[in-house]
Amino acid sequence: MLRTFWDGMRFAGITPLVRGLLLGMLGAFATSVVVIGVGRILVDRLAAGNAGFGVLFAAVSAGMALGAFVGPRVLRALNRRRLFALSVGVSGAALLLTGLIPNMVLAAVLASITGVGVGIAWVIGTGLLAREIEGDLRERTLAFLHTAARVLLLVSLTVAPLIAGLIGDHRLDVRDLGYDVLGAGAVLVLAGLTALLLAVLSYRQVDEGSEVSLFAELIAVLRGVPVGPEKEDERLPGTFIVLEGGEGAGKSTQARQLSIWLRDEGFEVVTTREPGSTKLGMRLRALLLDKDQTGMSPRAEALLYGADRADHVSQVILPALRRGAIVISDRYVDSTLAYQGAGRELSVGEIRRINEWATDELVPDLTVLLDVPPASGLARLGGTTDRIESESEDFHERVRAGFRRLAEGEPERYLVVDAQGAQEDITREIQRRVRPILPDPVPQDAEAITGMMPIIKE
Ligand SMILES: Nc1ncnc2c1ncn2[C@@H]1O[C@H](COP(=O)(O)OP(=O)(O)OP(=O)(O)O)[C@@H](O)[C@H]1O
Ligand SMILES: Cc1cn([C@H]2C[C@H](O)[C@@H](COP(=O)(O)O)O2)c(=O)[nH]c1=O
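Calculation rules
Residues numbered from 1 in each chain as written. Chains lettered and ligands numbered in written order. Predicted model: local features only at pLDDT ≥ 70, side-chain atom pairs only at ≥ 80, totals over all residues. Heavy atoms only, no water. UniProt positions renumbered as here; feature names shortened; annotations may be inferred. Helix = DSSP H or I, 4+ residues; strand = E, 2+ residues; numbered from the N terminus. Core = buried A, V, L, I, M, F, W, Y, C linked by side-chain atoms within 4.5 Å. Buried < 20%, exposed > 50% of the residue type's maximum accessible area, 1.4 Å probe, protein only. Contact = heavy atoms within 4.5 Å. Salt bridge = Lys/Arg side-chain N within 4 Å of Asp/Glu carboxyl O.

- For the protein chain, an unreviewed UniProt entry supplies the name Thymidylate kinase and the organism Nocardiopsis gilva YIM 90087.
- The record held by UniProt for the protein chain lists under Function (unreviewed entry) the comment "Phosphorylation of dTMP to form dTDP in both de novo and salvage pathways of dTTP synthesis."
- Word for word, the UniProt comment on the protein chain under Catalytic activity (unreviewed entry) is "dTMP + ATP = dTDP + ADP".

Set out below in structure tokens:
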């Protein structure tokens, strides 16, 4: 256990985000276990007995479940990183108040608030960690997190009651006013203050430095108004669909079928691909796939794919989406995350950030992952292979696993299809998934028809 803990400590500091997440998650978790640790002593002092402890325990657990399942959905307008640090702070503040105001009813309410904070922090924290770190490192970091959580549980069940006992209960009389200082309350205050401090430290590490202050963002969310200047992609009238997968998975085939169907349905469709859909892109494609460039440094490779994408987004994809078209792209950011991230073993978190910048955070409405064993996909291609196709089998296996992990991380935005099935079946499966996200078809002469409406003419 100690070894896992130590290993994790060494890796925990890789990026400020990971460090901030671990600090915050452990801070939040500590608040819930301290409630359990000294809860027994607290309810005895408040004359609430076994039933009181049961209520306290149930309040924390129910709060955690509520926070995990409902919190991020209800508060989805708030930046997730900020919501993370804020929920750590809320669980600390609730714990602090529980310690300061010794009252059973209030303790139960505050315990549930502590639980909600912990639930939100845990669910956002694990999600962001999974996105930020890859493979073995992710396993180690999660192992570290779980070991540290167990240590915290052990400490709060043994050391916290001991400290509460050592502090003891005292009565403070100031003039006519009396205040009961409880040992258990003091432990809760200390733990609450620690969690608040960790929330601040965590906030500093995880916040991306938005131009909108946390306070302004909170007020906007509570009032139900948009936070800061609306991002352009939230207002784009078009629909962005991406086909991803390894070599020979059938992306071009399915992109073609999809565009034929959508055109028949009356939509303007732009079919495009990466790399190589702009003038600059064509030159980058030639360079990237040229076998003479074997040995190109992985970072240069990732940046060149990013450069192609930046040009592609600004010159082809965004203008089409602004017009309200349906854009179907054969490959997008996930290809870099899978090929250069998983395949070349670069940091997926770093690649993601570079690409967020390159694409101005344009995210597809739907990504269809055509999943095929590399050997089968490559066998379909035949002929000569390019620089990337001729990579080792291990490389292509890592790429496939990388794609699948991305889809597992965001199941609502992906359709994963077994690409070994018959082409027609795959086409039908894609159509079934695409249909619900389509806008109402616009007739070709819509402008003329709209212009004829009397109310618009006047
Ligand atoms: N479901 C399928 N079953 C068998 N063969 C298929 C299937 N889908 C496509 N193919 C065939 O596999 C070959 C590669 O298909 P396609 O070009 O669509 O793949 P791709 O994923 O775009 O490839 P690349 O990675 O080179 O871009 C083509 O000959 C195509 O006809
Ligand atoms: C976008 C993108 C692509 N690649 C690789 C994947 C393929 O081997 C080639 C593109 O060829 P295709 O026949 O058009 O599929 O480039 C990559 O490694 N990283 C990327 O971001």
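### Details of unusual backbone geometry
Excluding glycine, residues mostly carry a negative phi; peptide bonds, for their part, are mostly trans.
Right, so step 1: With an omega of -10 degrees, the peptide bond between Glu274 and Pro275 qualifies as cis.
Right, so step 2: Residue placement: Pro275 occurs in the loop between strand S4 (269-273) and helix H12 (279-289).
Right, so step 3: Even without a glycine there, the phi angle at Ala47 is positive, about 55 degrees.
Right, so step 4: Tracing the backbone shows Ala47 in the loop between helix H2 (16-45) and helix H3 (49-69).

### Notes on the nonpolar core
Right, so step 1: Membership of the largest hydrophobic core comes to 34 residues, with the highest contact counts inside it found for Phe240, Ile317, Leu321, Val327, Tyr332 and Leu362.
Right, so step 2: Looking at this core, the elements that each hand over two or more residues are strand S3 (239-245), H12, helix H13 (298-323), helix H14 (333-343), helix H15 (348-358) and helix H17 (393-409).
Right, so step 3: It is H13 that provides the largest number of residues to this core, a total of eight residues.
Right, so step 4: With residues up to four places along the chain from it excluded, the contact list for Ile317 reads Phe240, His312, Val327, Tyr332 and Leu362.
Right, so step 5: In this structure, Met25, Leu128, Leu129 and Ile133 belong to the second largest nonpolar core, which totals 24 residues.

### Quick word on the pattern of salt bridges
Right, so step 1: With the rule as written, the count across this model stands at 16 salt bridges.
Right, so step 2: We note a salt bridge from Asp180 to Arg171, for which the minimum N-O separation is 2.9 Å.
Right, so step 3: A salt bridge links Arg309 to Glu274, with the nearest nitrogen and oxygen atoms 2.6 Å apart. Of the two residues, Arg309 is situated in helix H13 and Glu274 in the loop between S4 and H12; the sequence distance between them amounts to 35 residues. Residues Arg309 and Glu274 agree in their burial class; the two are buried.
Right, so step 4: Ionic contacts of the salt-bridge type, sharing partners, join the residues Glu301, Arg344, Arg387 and Glu391 into one network.

### Thoughts on the environment of Gly37
Right, so step 1: Tracing the backbone through its elements, the reader meets Gly37 in helix H2.
Right, so step 2: Accessibility expressed as a relative area gives 10% for Gly37, which makes it buried.
Right, so step 3: The contact partners of Gly37, leaving out residues within four places of it in the chain, are Ser156, Leu157 and Pro161.

### Focus on the UniProt feature "transmembrane region" (unreviewed entry) in the protein chain
Right, so step 1: Mapped onto this structure's residue numbering, the UniProt feature "transmembrane region" (unreviewed entry) falls at residues 21-43, 49-71, 83-101, 107-130, 142-167 and 179-201.
Right, so step 2: Structurally, residues 83-101 is divided into 95% helix and 0% strand, and its ends, taken at the C-alpha atoms, are 26 Å apart.
Right, so step 3: When the span residues 107-130 is considered, its composition is 100% helix and 0% strand, and the gap between its end C-alpha atoms is 34 Å.

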